[in-house]
Amino acid sequence: MINLDVIKKRETKDIIKNLAIMKQLNFLIGSGVSTPAISLMKNVSGKDEKEKNENLVKEIKEVSRKILEEDFSDKEVEKTYRNYYKFLFQVIQLLNMSNSRQVPRSVNLFTTNYDLFIEKAIDKLSIENRFIFNDGANGYFKRYIDSANYNRVVSYKGLNDNYINEIPSINLIKPHGSVNWKQENEKILVNNNVEDDCVVVKPTGIEGQETFLNNYFHDMLRMFQLELDKPQSVLFVIGFSFQDKHIAKMFKRALQNCELIAYIFCYSDNEVKTILENLDFENGRNNLRILSPKDFDESILEENIDEIDDKEIWYSFTINSLTNIFEGIQDDR
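The structure displayed is predicted, hence computed values, not measured ones.

(A) Spotlight on the overall build of the protein. Along its length, the protein carries ten helices and 17 strands. Looking at the protein as a whole, 49% of its 333 residues are labelled buried. A separation threshold of at least 6 residues defines the contact pool for the protein, and within that pool the share at least 24 residues apart is 70%. In the form shown here, the protein has an accessible surface area of approximately 17,800 Å², with 45% of it arising from carbon and sulfur atoms.

Next comes the structure, spelled out in structure tokens:
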């Protein structure tokens, strides 16, 4: 007997794979991806919002220092780092298989996180993989952020100039800043260490106001809008619930581009309702799909055990789940 539910789940997985290769690729990565190493804002302790924000930034700095020093004595930090590493490795494989004559062989990683998991994973991956990493900074001894630095394509030319092959490139855009950013005069300096007085937009509930008062952050968010306005683009959202109202507003505007296809991956089935409420949608849109664990086979999901409720098993969609979808694409082709 044909199981229609199994067929539907397989089709969903195949569609995501094909979009990742054939479209201009974008990811929006939220704080959920950096758990369990870093607490979600709702779980941070503090007597008021100011203290909670300070404690969260302190925690992110501590974890980021461990990442840079490769101190993985904390198993949660090691697990989170490995998750990022495996995910980004698969993203590089996607870019290698894409047709640069149809779409640019590049990916945009937009993240509201200001930890250094992505940077550390990229640093390790660059040793054995050929790609270009672009965090928007330019310089040698001193590297300064400038959004104009993102619009680059790098190609490898044969030794005898007999061919040109576009090298995969990963663009990292951090609209809420980073713990390794430091303000120097009227510029933002990108360092290879955690700064005590780093440049970040704290989750105060008025991120939009703070962000748009700063030209650098404004440029980063403008890039988000411009990239999603391009034809034949796909956006995969993970670990992000759209509580940031300014980003939610820009995302809703981007959906007016009928050529944009957006997928939001929810950690749990219950999160679908929360995201719809944060976006002020009653239902999805024609070019938007909000998916949760129920839409996928358990083999790609993360298994959890509820210690309180008689050790009941339940499944969640994590960054590993997305990595599992992307794995094996080369074999499928």
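(B) Structural view of the sheet that holds strand β5 (residues 143–145). Reading across the sheet, the four strands line up as β4-β5-β11-β10 and stay open at both edges, with antiparallel pairing between neighbours. Two strands close off the open sheet at either side, each with one partner strand: β4 (137–138) and β10 (181–184). Across two bridges, the pairing between β4 and β5 is antiparallel. Across the sheet, N138 pairs through a bridge with Y144, a residue of β5.

(C) Examining the environment of S178 more closely. Considering the arrangement of structural elements, one finds S178 in strand β9 (residues 177–178). Put simply, S178 and Y114 are 64 residues apart on the chain and 4.0 Å apart in space, counted from C-alpha to C-alpha. Not counting the four nearest positions on each side in its chain, S178 is found in contact with Y114, D115, L116, E119, C198, V199 and V200. At a separation of 2.5 Å, a polar atom in the side chain of S178 contacts the side chain of N180.

(D) How the structure looks around helix α3 (residues 75–97). The end-to-end C-alpha distance of α3, which contains 23 residues, comes to 33 Å, matching closely the 33 Å that a straight helix rising 1.5 Å per residue would cover. The residue sitting at the N-terminus of α3 and contributing the capping side-chain oxygen is D74; that oxygen lies 2.9 Å from the backbone nitrogen of E76.

Conventions we followed
- Residues numbered from 1 in each chain as written.
- Predicted model: local features only at pLDDT ≥ 70, side-chain atom pairs only at ≥ 80, totals over all residues.
- Heavy atoms only, no water.
- Helix = DSSP H or I, 4+ residues; strand = E, 2+ residues; numbered from the N terminus.
- Buried < 20%, exposed > 50% of the residue type's maximum accessible area, 1.4 Å probe, protein only.
- Contact = heavy atoms within 4.5 Å.
- Areas by Shrake-Rupley, 256 points an atom, 1.4 Å probe, with all protein chains shown as cover.
- Pairing = 2+ DSSP bridges.
- Polar contact = N/O pair within 3.5 Å; in protein donor to acceptor, adjacent residues only side chain to side chain.
- Expected span 1.5 Å × (residues − 1).

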